[in-house]
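# Architecture and fold: a report
The lines below spell out each chain.
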Amino acid sequence: MKTIFLKNDQLDRKWYIIDAEGKNLGHIAVKVANILRGKHKPFYAPHQECGDYVIVINAEKFSVSGRKMDDKLYYYHSRYPGGLRSFTLKKMLDRRPAYPLEQAIKGMLPKTRLGRKLFTNMKVYAGTDHPHVAQQPIPLEL
């Protein structure tokens, strides 16, 4: 089998928009991560940036099952002794509404230079307004 190497002018990169309202957090994250990596395309290559751009709106209105709003914790350390801080999902949504969805998607991308580059191809907004109307994003249903 030959390895696929696509040049940048051969890539047809599209913009997709996903409405997260009422959708499950994990389902959104899996779908967005696959689109960012390009796994939905026939010429997918794991070593190359061949995915599309994704805009997620209503990021604060996702749903979770069970008691995850109170039990799921996000950790932050200030790098000082005793500086470990933890926040529940409910408190994190009050502080930074788009953060939980961003972290769920980031956790599903590769932990390499490629993964960090793919993460920049995603835009997450807490409300319905976004400044990417000029890109003419295609609505995507989950």
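What comes next concerns the included structure.

Criteria and cut-off values
Residues numbered from 1 in each chain as written. Predicted model: local features only at pLDDT ≥ 70, side-chain atom pairs only at ≥ 80, totals over all residues. Heavy atoms only, no water. Helix = DSSP H or I, 4+ residues; strand = E, 2+ residues; numbered from the N terminus. Buried < 20%, exposed > 50% of the residue type's maximum accessible area, 1.4 Å probe, protein only. Contact = heavy atoms within 4.5 Å. Areas by Shrake-Rupley, 256 points an atom, 1.4 Å probe, with all protein chains shown as cover. Lys, Arg positive; Asp, Glu negative; His and termini not counted. Charge placed at Lys NZ, Arg CZ, Asp CG, Glu CD. 1 Å grid on protein atoms, 1.4 Å probe; cavity = no way out; pocket = protein on both sides within 12 Å on 5 of 7 lines; lining within 4 Å. Points joined across faces, edges and corners; volume = space filled by probe spheres on them. Salt bridge = Lys/Arg side-chain N within 4 Å of Asp/Glu carboxyl O. Pairing = 2+ DSSP bridges. Axes fitted to C-alpha atoms, helices over the stretch in contact; angles between N-to-C directions. Parallel < 35°, antiparallel > 145°, perpendicular 65-115°, else oblique. Left-handed = near helix turned anticlockwise from the far one by under 90°. Nonpolar A, V, L, I, M, F, W, Y, C, P; charged D, E, K, R; others polar.

Here we come to the overall build of the protein chain. Counting its secondary structure elements, the protein chain contains five helices and six strands. Along the longest, intermediate and shortest principal axes, the C-alpha atoms of the protein chain span 50 × 35 × 30 Å. Counting across all 142 residues of the protein chain, residues that qualify as buried make up 36%. Put simply, 69% of the contacts in the protein chain that link residues at least 6 apart link residues at least 24 apart. For the protein chain, the exposed surface amounts to about 9100 Å²; the carbon and sulfur share of it is 52%. Taking the average location of the 25 positive side-chain charges in the protein chain and that of its 13 negative ones, the two points are 10 Å from each other.

Within the fold, T120 resides in the loop between α5 (113-119) and β5 (122-124). In this structure T120 comes out as partly exposed when scored by relative accessible area, which is 43%.

Moving on: the layout of surface pockets. In this structure, the largest pocket spans a volume of roughly 190 Å³. In terms of lining, the largest pocket is formed by Y74, Y75, Y76, H77, F87, M92, R95, R96 and Y99. Counting only elements with at least two residues in the lining of the largest pocket, the list comes to β3 (73-77) and α3 (89-95). When residues of the lining of the largest pocket are assigned to their parent elements, the largest contribution, four residues, is made by β3.

Moving on, we come to the pattern of salt bridges. Applying the stated criterion across every chain yields a total of five salt bridges. Across the salt bridge formed by R13 and E49, the nearest N and O atoms sit 3.1 Å from each other. Taken together, the positions of R13 in the segment before β1 (15-19) and E49 in the loop between α1 (25-37) and β2 (53-57) put the pair 36 residues apart, joining distant regions of the chain. Given the relative accessible area of 24%, R13 is considered partly exposed.

Let us look at the sheet that holds β2. One open sheet holds the four strands; their spatial order is β5-β2-β1-β6, and the pairing between them is parallel. Lying at the two open borders of the sheet, with one neighbouring strand each, are β5 and β6 (138-139). Bridging between β1 and β2 involves five bridges; their strand directions are parallel. Across the sheet, the residue bridging to I18 is V56, located in β2. Sheet contacts for α1: β1, β2 and β5; angle to β2, the most-contacted strand, approximately 155°.

Contact geometry for α1 and helix α4 (residues 99-106): axes closest at 8 Å, N-to-C directions at 55°. Looking at the two axes, α1 sits oblique to α4. The element α1 and its partner α4 pack so that their crossing is right-handed. On α4, the residues touching L25, I28, A29, V32 and L36 of α1 are P100, L101, A104 and I105. A class-by-class count of the residues in the contact of α1 with α4 yields nine nonpolar, no polar and no charged.

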